[in-house]
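# Residue-level structure breakdown
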Number of protein chains: 2
Amino acid sequence: MQIVQRPTPEPSTLSAHDRVYRTLRTQVMHGELAPGHALTLRGIAREFGVSMTPARESVQRLVAEGALTMSASGRVQTPELGNERIEELASIRALLEPELGSRALPRAHSALIDRMEAINAANTDAVLRGDAVTYVRTNLEFHRTLYLRAQSPAMLAMVETIWLQLGPTMRALYGRLRRNTPPPHHRMIVAALKAGDEPGLRLAIRTDVTQGLRHLTQ
Amino acid sequence: MQIVQRPTPEPSTLSAHDRVYRTLRTQVMHGELAPGHALTLRGIAREFGVSMTPARESVQRLVAEGALTMSASGRVQTPELGNERIEELASIRALLEPELGSRALPRAHSALIDRMEAINAANTDAVLRGDAVTYVRTNLEFHRTLYLRAQSPAMLAMVETIWLQLGPTMRALYGRLRRNTPPPHHRMIVAALKAGDEPGLRLAIRTDVTQGLRHLTQ
DNA sequence: TCGCCGGATTTGTGATCACGCTCGATCATG
DNA sequence: CATGATCGAGCGTGATCACAAATCCGGCGA
């Protein structure tokens, strides 16, 4: 009953469950999966060419982070958030993200702002093309690029957890009401950064974060 | 090679990995484990009378929540936080907990306040006895009892994640400088609740949360 | 006395399997 | 035609094992 279990010994740093975890996490955060999308361990294992064990670890971890929900019977799917939950998550974003922006402000030099403007251009482009997934991705990239300068890894991780929980919902939201107007407050954020205007930055971020999620009709 | 694998079919709601997870989580949050305390999967499995699989799932989940850290080689231990990280986590508490208190304030009736005062008495008692673990536990209970009224499960979960990350450090902190003075700002929190004074409540919570962690000598 | 090396032990990782439960399609019944 | 029961396929859970790498600890040499 002896079977060759590991044909390839893996280059260490990339363990199987980490690869699976990272891929799934990105898919969820960027809204590539619709809310309520069901996943199975065997399906994930087949898709990634691994056994059920790494698939389970990845899923378990994503459930712990709120990226996936698990029913009492162990079935797993992307979360379908109600209005209250969406508002609550938006409140948390509105509390944490201005703080991250404020911490990043003194460290935001021109190269960073240039990069943010480039990302914002791609974001606007995605809006005009009606590409919801790219929209969500570049939107988050815009924010993360700024927040990385805050040198506050725990706070950033916390915010990313929120993004993760909102991922499928964001796709559904921006995919539903397909607006052709580019993200309105990103330019205000950039302007406040250039001016070194901290209260203005906080307000711009808060508004940007809040208003996008106010469109909760359910 | 057939073995009876599950002698008891379990009453469903309590799966093995859930039981292990919850026990370990409580131990970490309440500071029952010192910072840097090492854990092994086989040790956990032996201790709980389960196989390695549920032990791994629990540990994986706790690592995802920041309750444990995992080295590159997969070794697991409770986190040893540096000063910057402690300050950062304290900042997050200072942002989120006043908001939770504020949301709970209109729903805080007298029975709740009575319960908080009882918990606070037990907390004071733990201080006088020099019982660090009970101190941490009742301290968190005091806060959680209030925050549960906020009806904001996501925000509460986020705060508990921070508590989890601070658990071992808190024990080490309060165990080191063993002060005989009871928690100073808890009474201010209770007073603000009774008076319906929202700004006072926010300030009291913020101060309570911040000052306890200012004692970071490391 | 201190530093280094090598084998033995312990560790995490991942694959596989048995088991019991869940869920959905199908069919019989009203 | 709608409704409910039934049965099978598929699911998650947990146990066990093989394997490679990390760790520990002894002894040897400087």
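Residues numbered from 1 in each chain as written. Chains lettered and ligands numbered in written order. Predicted model: local features only at pLDDT ≥ 70, side-chain atom pairs only at ≥ 80, totals over all residues. Heavy atoms only, no water.

## Quick look at helix α7 (residues 153-176) of chain B
Residue and element names in this part refer to chain B. Worth spelling out the cut-off: A helix here means a DSSP run of H or I that spans at least four residues, while a strand means a run of E at least two residues long, and both kinds are numbered starting from the N terminus. A helix's residues, less one, multiplied by 1.5 Å, set its expected span. In this analysis the local bend is the angle between axes fitted, respectively, to the seven residues ending at and the seven residues starting at the residue. Residue exposure (1.4 Å probe, protein chains only): buried if accessible area is under 20% of the type maximum, exposed if over 50%, otherwise partly exposed.
Its 24 residues place the ends of α7 33 Å apart at the C-alpha level, agreeing with the 34 Å of an ideal helix rising 1.5 Å per residue. Its axis deflected by about 50° at G167, α7 carries its strongest bend there, up to four residues before the proline P168. Within α7, 18 of the 24 residues are buried, leaving the element largely enclosed by the surrounding structure.

## Side note on the protein's contact with DNA strand C
Cut-off, in case you're wondering: We define proximity as follows: a residue is near a molecule or strand when any one of its heavy atoms falls within 4 Å of that partner. Polar contacts here mean pairs of N or O atoms no more than 3.5 Å apart (in protein, one a potential hydrogen donor and the other a potential acceptor; neighbouring residues in sequence count only if both atoms are side-chain atoms).
Residues in contact with DNA strand C amount to 23 residues; listed here are only the nearest, A16, S51 and T53 of chain A together with R42 and R56 of chain B. Sugar and phosphate atoms constitute 61% of the interface atoms of DNA strand C, taking the interface as everything within 4 Å of the protein. The separation between a phosphate oxygen of DNA strand C and a polar side-chain atom of H17 of chain A is 3.0 Å. Measuring from a sugar or linking oxygen of DNA strand C, one finds a side-chain N or O atom of R75 of chain B at 3.4 Å.

## A short note on the protein's contact with DNA strand D
Note the cut-off: Note on residue categories: nonpolar means Ala, Val, Leu, Ile, Met, Phe, Trp, Tyr, Cys or Pro, charged means Asp, Glu, Lys or Arg, and polar means any other residue, Gly included.
Among the 23 residues in the neighbourhood of DNA strand D, the closest are listed as R42 and R56 of chain A together with A16, S51 and T53 of chain B. Counting only atoms of DNA strand D within 4 Å of the protein, the sugar-phosphate share comes to 63%. Here a phosphate oxygen of DNA strand D sits 3.1 Å away from a polar atom, N or O, in the main chain of L41 of chain A. Measuring from a base nitrogen of DNA strand D, one finds a side-chain N or O atom of R56 of chain A at 2.6 Å. The set of elements that each furnish at least two residues to the surface near DNA strand D consists of α2 (41-48) and α3 (52-64) of chain A together with α1 (16-29) and α3 (52-64) of chain B. Take the surface near DNA strand D: its biggest share by element is three residues, from α3 of chain B. Tallied by class, the residues present in the surface near DNA strand D amount to seven nonpolar, eleven polar and five charged.

## A look at the packing of α1 of chain B against α3 of chain B
Residue and element names in this part refer to chain B. Keep this limit in mind: Note on geometry: axes are C-alpha line fits, over the in-contact stretch for helices, and angles between N-to-C directions span 0 to 180 degrees. Our angle categories are set so that under 35 degrees counts as roughly parallel, over 145 as roughly antiparallel, 65 to 115 as roughly perpendicular, and the remainder as oblique. Handedness of a crossing is defined here by the sense of rotation of the near helix relative to the far one, left-handed for an anticlockwise turn of less than a right angle and right-handed for a clockwise turn. Residue contacts are counted whenever heavy atoms from the two residues lie within 4.5 Å of one another.
Between α1 and α3, the shortest axis-to-axis distance is 8 Å and the interhelical angle comes to 45°. On the basis of the axis angle, α1 is oblique to α3. As for how α1 packs across α3, the hand of that crossing is right-handed. In contact with A16, H17, D18, V20, Y21, L24 and R25 of α1, α3 contributes P54, E57, S58, R61 and L62. Taken together, the residues of the contact of α1 with α3 sort by class into six nonpolar, two polar and four charged.

## Re the pattern of salt bridges
All names here are of chain A. Inclusion rule: Salt bridge, as used here, is a side-chain nitrogen of Lys or Arg placed within 4 Å of a carboxyl oxygen of Asp or Glu.
Taken as a whole and assessed by the stated rule, the structure comprises 30 salt bridges over all chains. Here E65 and R25 are joined by a salt bridge, their closest N and O atoms 3.9 Å apart. Taken together, the residues E65 in the loop between α3 and β2 (69-70) and R25 in helix α1 (residues 16-29) connect sequence positions 40 residues apart. Like E65, the residue R25 is buried in the burial classification. Close ionic contact of E141 with R137 constitutes a salt bridge, the shortest N to O distance being 3.5 Å.

## A short note on the interface of chain B and chain A
For clarity, the threshold we go by: Buried area is a sum: the accessible area each of two parts loses on coming together, probed at 1.4 Å, counted once for each and added.
Taken together, the contact pairs 24 residues of chain B with 24 residues of chain A. Taking both partners together, chain B and chain A bury about 2300 Å²; carbon and sulfur atoms supply 65% of that area. Here chain B and chain A share two salt bridges between them. Every element with two or more residues in the side of chain B that touches chain A is listed here: α3, α4 (83-104) and α7 of chain B. Broken down by element, the residue count for the side of chain B that touches chain A peaks at nine residues, all from α4 of chain B. For the side of chain B that touches chain A, the per-class residue count stands at ten nonpolar, six polar and eight charged.

## Description of the packing of aromatic side chains
Our working rule: To pair, rings of Phe, Tyr and Trp, with the six-membered ring standing in for Trp, must have centres within 6.5 Å; the planes then decide the type, stacked if under 30 degrees apart, edge-to-face if over 60, and tilted in the middle. We call a charge positioned above a ring when the Lys NZ or Arg CZ atom is no farther than 6 Å from the ring centre and deviates by at most 35 degrees from the ring normal.
If you walk through the whole model with that rule in mind, you get two aromatic pairs over all chains. When the ring centre of Y21 of chain A is taken as origin, the NZ or CZ atom of R61 of chain A, which lies over that ring, is 4.0 Å away.

## Quick notes on the sheet that holds β2 of chain A
All names here are of chain A. What counts, and what does not: Strands are labelled as partners when DSSP assigns at least two bridges between them.
Across the sheet, three strands lie side by side as β1-β3-β2; this open sheet has antiparallel pairing. At either end of the open sheet lies a strand with only one pairing partner, and these are β1 (38-39) and β2. Where β2 meets strand β3 (residues 76-77), two bridges bridge the pair, whose relative direction is antiparallel. Within the sheet, the bridge partner assigned to T69 lies in β3 and is Q77.

## Brief notes about the domain arrangement of chain A
All names here are of chain A. What counts is decided by this rule: What marks off one domain from the next here is an automatic or database domain assignment.
The domains assigned to chain A are domain 1 (16-77) and domain 2 (83-212). The distance between the C-alpha centroids of domain 1 and domain 2 comes to 26 Å. With twelve residues of domain 1 in contact, the opposing surface of domain 2 contributes 15 residues. A buried area of about 1200 Å², summed over both sides, lies between domain 1 and domain 2, and 65% of it is on carbon and sulfur atoms. Looking only at domain 1, the three residues that lose the most surface to domain 2 are M29, H30 and P35, adding up to 47% of its buried area.

## Things to note about the relation of the copies chain B and chain A
Stated precisely, the cut-off is as follows: In this comparison the copies share one frame, found by least squares on the C-alpha atoms of residues holding pLDDT of at least 70 in both.
Superposition record for chain B on chain A: RMSD 0.0 Å, screw rotation 180°, translation along axis 0.0 Å. Each copy turns onto its partner about a two-fold axis. Taking C-alpha positions as reference, the residue of chain B nearest the rotation axis is R61 of chain B, located at 2.7 Å. With an isologous cut-off of 70% or more, the 100% of interface residues of chain B that recur at the interface of chain A puts this contact in the isologous class.

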